[in-house]
Amino acid sequence: MALQDRLRPLVDQTDPRPPEFRTVAGLDSAYDESGVVAAAAVVLDASTLDPLETAVAHGATSFPYVPGLLAFRELPTSLLVLEKLATTPDLLVCDSQGLAHPRRFGFACHLGILTGVPTIGVAKTVWGTYTEPEPERGSATDVRIDGAVVGRALRTRTGVKPVFVSVGHRIDLDTACAQVLALTPNYRQPETTRQADRLCRQALRSALGSTP
């Protein structure tokens, strides 16, 4: 917690360049009860959402699941899988929180600081309070913690529960939400997350010797 507090001031909620992302990568990890970890990265063409590159990495962790401290469980293998990519993505999309976090420093912030790459957190659950957005796709409302705006509840499918978008690093919230909408033409979750989730689960089964 002290490390998160110390690193939090380094988060940049702006993008120093025009918000143009040609490649977008999704990251996700899967675990076994023994602590075996499989991480996956999937790089998509931002305009077509076609897959360009994938990578998997395996590791182990003894750090327990503690709400608010996900980074300390997932970062080592996540960094390892990013190192396996041939190119650096223009944007990282994490299945986690960014600023919408009790100490305003979720996994997406921590990963963004360590890599220097623009990073977004897109979570299925929320820290903080919000009002339900209108039912149409693209509707959004602010997520607040202690009265401060830390993210948005964003409706990516009409009539479907929103996702919760927050800045990780080197991007502003409006741009982050626009990118998430561009990544969700058919489903609630971004294509980056959907594909990385599938790949890391396959990689974990392979590591454990299970049938895919």
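The rules we used
- Residues numbered from 1 in each chain as written.
- Predicted model: local features only at pLDDT ≥ 70, side-chain atom pairs only at ≥ 80, totals over all residues.
- Heavy atoms only, no water.
- Helix = DSSP H or I, 4+ residues; strand = E, 2+ residues; numbered from the N terminus.
- Buried < 20%, exposed > 50% of the residue type's maximum accessible area, 1.4 Å probe, protein only.
- Phe/Tyr/Trp six-rings, centres within 6.5 Å; stacked < 30°, edge-to-face > 60°.
- Lys NZ or Arg CZ within 6 Å of the ring centre and 35° of its normal.
- Polar contact = N/O pair within 3.5 Å; in protein donor to acceptor, adjacent residues only side chain to side chain.
- Contact = heavy atoms within 4.5 Å.
- Expected span 1.5 Å × (residues − 1).
- Bend = angle between axes of the 7 residues up to and from the residue.
- Salt bridge = Lys/Arg side-chain N within 4 Å of Asp/Glu carboxyl O.
- Axes fitted to C-alpha atoms, helices over the stretch in contact; angles between N-to-C directions.
- Parallel < 35°, antiparallel > 145°, perpendicular 65-115°, else oblique.
- Left-handed = near helix turned anticlockwise from the far one by under 90°.
- UniProt positions renumbered as here; feature names shortened; annotations may be inferred.

1. What about unusual backbone geometry?
In this structure, arginine 104 is a non-glycine residue whose phi angle is positive, near 55°. One non-glycine residue, arginine 170, adopts positive backbone phi at about 60°. Tracing the backbone shows arginine 170 in the loop between strand S8 (163–169) and helix H4 (173–182). Residue arginine 170 is classed as partly exposed on the basis of its relative accessible area, which comes to 23%.

2. Here we look at the packing of aromatic side chains
Any two aromatic rings considered together are summarised by their centre-to-centre distance and by the angle between their planes. Counted according to the given criterion, the structure contains two aromatic pairs. The interplanar angle of 70° and the centroid separation of 5.1 Å between the aromatic rings of tyrosine 130 and phenylalanine 164 together place this pair among those described as edge-to-face. Separated by 34 residues along the polypeptide, tyrosine 130 in the loop between strand S5 (119–123) and strand S6 (140–145) and phenylalanine 164 in strand S8 bring together distant segments of the chain. You can call phenylalanine 164 buried: its relative accessible area is 3%. Its guanidinium or amino end placed over the ring of tyrosine 31, arginine 73 lies 4.1 Å from that ring's centre, counting from NZ or CZ. We note arginine 194 situated over the ring of tyrosine 187; from NZ or CZ to the ring centre the distance is 3.6 Å.

3. Re the side chain of threonine 156
Note on placement: threonine 156 falls in the loop between strand S7 (148–154) and S8. On the basis of relative accessibility, which here comes to 0%, the residue threonine 156 falls in the buried class. There is a polar contact of 2.8 Å between the side chain of threonine 156 and the backbone oxygen of arginine 188. If near-sequence neighbours (up to four positions away) are discounted, threonine 156 is found in contact with Arg137, Val163, Val180, Leu181, Thr184, Tyr187 and Arg188.

4. What about helix H2 (residues 70–83)?
The first and last C-alpha atoms of H2 sit 20 Å apart over 14 residues, in line with the 20 Å expected at 1.5 Å per residue. The sharpest bend along H2 measures roughly 35° and falls at proline 76. Looking at the buried positions of H2, the neighbouring elements they touch are strand S1 (23–31), strand S2 (36–45), strand S3 (51–60), strand S4 (91–94) and helix H3 (107–115).

5. Thoughts on the pattern of salt bridges
Following the criterion strictly, the structure yields ten salt bridges and no others. Aspartate 95 is the partner of lysine 124 in a salt bridge, and the nearest nitrogen-oxygen pair spans 3.0 Å. One end of the pair, lysine 124, is in the loop between S5 and S6; the other, aspartate 95, is in the loop between S4 and H3, and 29 residues separate them in sequence. Across the pair arginine 104 and aspartate 146 runs a salt bridge, and its minimum N-O distance is 3.6 Å. Here the residue arginine 104 occupies a position in the loop between S4 and H3, and aspartate 146 occupies one in the loop between S6 and S7, the gap between them amounting to 42 residues. Overall, arginine 104 belongs to the buried group, its relative accessible area being 19%. Taken together, the shared-partner salt bridges in this structure form one network comprising Asp142, Arg144, Arg152 and Asp174.

6. Notes on the side chain of threonine 119
In this structure, threonine 119 sits in strand S5. On the accessibility criterion, threonine 119 (0% relative accessible area) is buried. Within polar-contact distance, the side chain of threonine 119 engages the backbone oxygen of valine 117 at 2.7 Å.

7. Some points on the packing of H2 against H3
As a packed pair, H2 and H3 sit with axes 10 Å apart at the nearest point and diverge in direction by 40°. Between H2 and H3, the angle is such that the two are oblique. Between H2 and H3 lies a crossing whose hand is right-handed. On the side of H2, the interface is formed by Leu70, Ala71, Phe72, Glu74, Leu75, Ser78, Leu79 and Leu82, while H3 contributes Phe107, His110, Leu111, Leu114 and Thr115.

8. Overview of the UniProt feature "binding site: Mg(2+)" (unreviewed entry) in the chain
UniProt records the feature "binding site: Mg(2+)" (unreviewed entry) for Asp28 and Asp95 in the present numbering. Separation in sequence by 68 residues is not matched in space for these annotated residues, since their most distant C-alpha atoms are only 6.5 Å apart. Apart from residues no more than four positions distant in its own chain, aspartate 28 is found in contact with Ala38, Ala39, Ala40, Asp95, Ala196, Asp197 and Cys200. The class of aspartate 95 is partly exposed, set by a relative accessible area of 21%. In this structure, aspartate 95 is in contact with Leu27, Asp28, Val122, Lys124, Gln189 and Thr193, ignoring residues within four places of it in sequence. Within the local environment of aspartate 95, its side chain forms a polar contact with the side chain of lysine 124, the two groups lying 3.0 Å apart.

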